Amino acid sequence: MMRYVWMTWRYLVRMLPGVLAALALYGCLYPWRRQRLKAAGLVSPRLREAMLALFWMFCGGMVMLTLTPWGFDLSAVLRWGWAEPFFWMGDVNLVPFQTFASEGVLLYTLLGNIVMFLPFGFFPAMLRADAGIGPYGQKYTWKRALVTGLCVTGFIECWQLLVGRAFDIDDLMLNTLGTLCGFWLWRLLRRAAPAFAERFWVKANSVT
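Scope of this entry: the structure provided in the associated data block. (Residues numbered from 1 in each chain as written. Predicted model: local features only at pLDDT ≥ 70, side-chain atom pairs only at ≥ 80, totals over all residues. Heavy atoms only, no water.)

So, about the nonpolar core. By size, the foremost hydrophobic cluster in this structure holds 26 residues, and its most contacted members are Met62, Met126 and Trp186. Secondary-structure elements contributing two or more residues to this core are helix H1 (2–39), helix H2 (46–66), helix H6 (118–127), helix H7 (142–162) and helix H8 (169–192). (Core = buried A, V, L, I, M, F, W, Y, C linked by side-chain atoms within 4.5 Å. Buried < 20%, exposed > 50% of the residue type's maximum accessible area, 1.4 Å probe, protein only. Helix = DSSP H or I, 4+ residues; strand = E, 2+ residues; numbered from the N terminus.)

This is the structure:
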């Protein structure tokens, strides 16, 4: 059990530089976004803004974890410097379910590929809820979630091939499944607590 806790902690530490950078970028863009919403007669509730900031932070962390060689081990870089070239070709696995059949594959890894992509389905569905108010009220369907999952994880897998990691069809399937699970998790929350779900929607500005 402690092994899995330690592995998770290492992943979180590797995400930290991207998390902080994304939070700073969110803060810089917030005044501009607020003025744009105000000009459209809309207002974004504080709870929604908090979730949006959290999603930005998650995306920034995922950039460091998935788009850099070997997940950007900051401690190793600080100790020994960047010893490898950034771009070099990795391996390709186009055989479905090969990862599942590999010896020594941990359930932790398989579930991690799903859980790690839950936010890519959950947050877009939450933040683009069908409130029916202007361009921010566009309905986010499971088809959109599927396309989101395929596009995001497809880009990640292709990019990883260029930085010495691997393109794995199993990762593509598991990550897309995770995105869809995140979408249905939001739908479940909305059905169970509709009043709470509405707190994440942009609303018409009632201040005159």
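Anyway, onward from the coordinates.
Applying the stated criterion to the full structure yields 13 aromatic pairs. The interplanar angle of 85° and the centroid separation of 6.1 Å between the aromatic rings of Trp186 and Phe200 together place this pair among those described as edge-to-face. Remark: Phe200 occurs in the loop between helix H9 (194–197) and strand E4 (203–204) and Trp186 occurs in helix H8; sequence separation between them is 14 residues. The exposure class assigned to Phe200 is buried, which follows from its relative accessible area of 3%. For the pair Phe196 and Phe200, a centre-to-centre distance of 5.2 Å together with 85° between the ring planes defines the contact as edge-to-face. Overall, Phe196 belongs to the partly exposed group, its relative accessible area being 34%. Of the aromatic side chains, those joined through ring pairs into one cluster are Phe55, Phe58, Phe117, Phe120, Phe122, Phe123, Trp186, Phe196 and Phe200. (Phe/Tyr/Trp six-rings, centres within 6.5 Å; stacked < 30°, edge-to-face > 60°.)

What follows is about the side chain of Thr153. Here Thr153 is to be found in helix H7. Thr153 sits in the buried class, given a relative accessible area of 0%. Not counting the four nearest positions on each side in its chain, Thr153 is found in contact with Phe117, Asp171, Leu172, Asn175 and Thr176. (Contact = heavy atoms within 4.5 Å.)

Next up on the list: H1. For H1, built from 38 residues, the straight-helix expectation of 56 Å at 1.5 Å per residue is met to within 8% by its first-to-last C-alpha distance of 51 Å. Its axis deflected by about 40° at Leu16, H1 carries its strongest bend there, up to four residues before the proline Pro17. Residues of H1 that are buried: Met7, Arg14, Met15, Gly18, Val19, Ala22, Tyr26, Arg33 and Leu37. Contact partners of the buried residues in H1: strand E1 (42–43), H2 and helix H5 (107–115). (Expected span 1.5 Å × (residues − 1). Bend = angle between axes of the 7 residues up to and from the residue.)

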